Amino acid sequence: MRLAELSEHSGVSTATIKYYLREGLLPPGRQINATTAEYDEEHLRRLRLVRAMIQVGRVPVAKVREVLGHVDDDSLGRSIRLGAALWALPQVPEPDEDDEFVRAAHQEVTTLLDRLGWENAKQLTTISPAYRSLVVAVAAFRRLGYEWGAEQLAPYAELMHRTAVLDLDNLETHPSEAERVEFAILGAILNEPLLRSLHRLAQEEESTRRYGFE
């Protein structure tokens, strides 16, 4: 398809597509002549991924370029490729390691990982943004006087592990490695608000079952 057709199929303006091409977010089309290029379904899929990252995920263009660089890096193994792409997404600020609540949160999260037997997660604690995010969240609870720790978190972690199994089962239905990594990126951007919405709906349902509409 030509640029105008790519725009029509994707709903993205030609000016925006040209910007993505200049920024390296979209691979160049097959050059037909000096002024015309041809695009295919791979371009359309990549364009939709880019739009989801920027519009839904609010990921800055520079970060999108970094994530897509990992997506396209065939030299990386699957786990490293997935992890590198996901870790390139925007993350929470680094926890203040001098904060007593952060230190307590580290201890509770370590206890949690031991309790769950998540040995791989324990090995990644120094580099994992997800680990740091959990520490920050637990520290915030404890700072407000809620003694949330390993015991309270364990049932939630077990539910999330079952969710992760479903995620990877779905990921493995996609035929190519690039599609699998792209699906993981979309999952990080779209599944989290989706799961958050389901969680809130479930809370609304359960609260009205218990307490009515009063």
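Residues numbered from 1 in each chain as written. Predicted model: local features only at pLDDT ≥ 70, side-chain atom pairs only at ≥ 80, totals over all residues. Heavy atoms only, no water.

A. View of the layout of surface pockets. Taken as a whole, the second largest pocket encloses approximately 150 Å³ of empty space. Lining the second largest pocket are Leu3, Lys18, Leu21, Gln31, Ala34, Thr35, Thr36, Ala37 and Tyr39. Split into classes, the residues belonging to the lining of the second largest pocket amount to five nonpolar, three polar and one charged. (1 Å grid on protein atoms, 1.4 Å probe; cavity = no way out; pocket = protein on both sides within 12 Å on 5 of 7 lines; lining within 4 Å. Points joined across faces, edges and corners; volume = space filled by probe spheres on them. Nonpolar A, V, L, I, M, F, W, Y, C, P; charged D, E, K, R; others polar.)

B. Molecular detail of the packing of aromatic side chains. Counted under the stated rule, the structure contains four aromatic pairs. Seen in terms of ring centroids, tyrosine 19 and tyrosine 20 are 6.0 Å apart; in terms of plane orientation they differ by 50°. Their pairing is tilted. The class of tyrosine 19 is partly exposed, set by a relative accessible area of 32%. Put simply, the rings of Phe141, Tyr146, Trp148 and Tyr156 pair up and form one aromatic cluster. (Phe/Tyr/Trp six-rings, centres within 6.5 Å; stacked < 30°, edge-to-face > 60°. Buried < 20%, exposed > 50% of the residue type's maximum accessible area, 1.4 Å probe, protein only.)

C. Structural view of the nonpolar core. Counting 27 residues, the largest nonpolar core has Leu6, Tyr20, Met53, Val64 and Leu68 as the members making the most contacts within it. Among the elements of the structure, helix H1 (3-10), helix H2 (14-22), helix H3 (41-56), helix H4 (61-71) and helix H10 (177-211) are those that each provide at least two residues to this core. Examining the composition of this core, we find that six residues originate from one element, H3, more than from any other. Apart from residues no more than four positions distant in its own chain, tyrosine 20 is found in contact with Val12, Leu25, Leu26, Leu47, Val50, Arg51 and Ile54. Core analysis: the second largest hydrophobic core is formed by 14 residues, Ala105, Leu112, Leu113 and Leu153 among them. (Core = buried A, V, L, I, M, F, W, Y, C linked by side-chain atoms within 4.5 Å. Helix = DSSP H or I, 4+ residues; strand = E, 2+ residues; numbered from the N terminus. Contact = heavy atoms within 4.5 Å.)

D. Highlighting a nonpolar patch on the surface. A surface patch of nonpolar side chains, amounting to about 360 Å² of accessible area, comprises Leu194, Leu195, Leu198 and Leu201. Topologically, leucine 194 is positioned in helix H10. (Patch = residues over 30% accessible without salt bridge, like charges linked within 9 Å, V, L, I, M, F, W, Y side chains within 5 Å. Areas by Shrake-Rupley, 256 points an atom, 1.4 Å probe, with all protein chains shown as cover. Salt bridge = Lys/Arg side-chain N within 4 Å of Asp/Glu carboxyl O.)

E. Region of the structure containing the packing of helix H6 (residues 100-116) against helix H9 (residues 150-171). Remark: H6 packs on H9, axes separated minimally by 9 Å, with the N-to-C direction vectors making an angle of 50°. By the angle between their axes, H6 is oblique relative to H9. Taken as a pair, H6 and H9 cross one another with a handedness that is right-handed. Facing H6, whose interface residues are Glu108, Thr111, Leu112, Arg115 and Leu116, H9 presents Ala150, Glu151, Leu153, Ala154, Ala157 and Glu158. (Axes fitted to C-alpha atoms, helices over the stretch in contact; angles between N-to-C directions. Parallel < 35°, antiparallel > 145°, perpendicular 65-115°, else oblique. Left-handed = near helix turned anticlockwise from the far one by under 90°.)

F. Expanded view of H4. Inspection of H4 places Val64, Val67, Leu68 and Val71 among the buried residues, and these make up the whole buried set. Seen from one end, H4 has its buried residues packed into an arc of 95°, which puts them on one side. (Arc of directions from axis to C-beta.)

G. The arrangement of the environment of tyrosine 19 in detail. Inspection of the secondary structure puts tyrosine 19 in helix H2. Taking the C-alpha atoms as reference points, tyrosine 19 and leucine 144, 125 residues apart in sequence, are found 46 Å from one another.

H. Representation of the confidence of the model for the protein chain in the model. Across the protein chain, the average pLDDT comes to 87, with 96% of residues at 70 or higher. The secondary-structure element of the protein chain with the lowest mean pLDDT is helix H5 (residues 78-87), recorded at 69, while H6 shows the highest, at 95. (pLDDT = per-residue confidence, 0-100.)

I. Local environment of the environment of leucine 68. With respect to the helices and strands, the residue leucine 68 is situated in helix H4. Considering only alpha carbons, one finds leucine 68 and arginine 46, 22 residues apart in sequence, at a separation of 9.3 Å. With sequence-adjacent residues up to four places away left out, leucine 68 is seen in contact with Leu25, Arg46, Leu49, Val50 and Met53.

J. How the structure looks around the packing of H1 against H2. Orientation of H1 relative to H2, taken along the N-to-C sense of each, is 105°, at an axis distance of 9 Å. In this view, H1 runs roughly perpendicular relative to H2, as classed from their interaxial angle. Contacts from Leu3, Ala4, Leu6, Ser7 and Ser10 of H1 reach H2 at Thr14, Ile17 and Lys18. Along the lines of polarity and charge, the residues of the contact of H1 with H2 split into four nonpolar, three polar and one charged.

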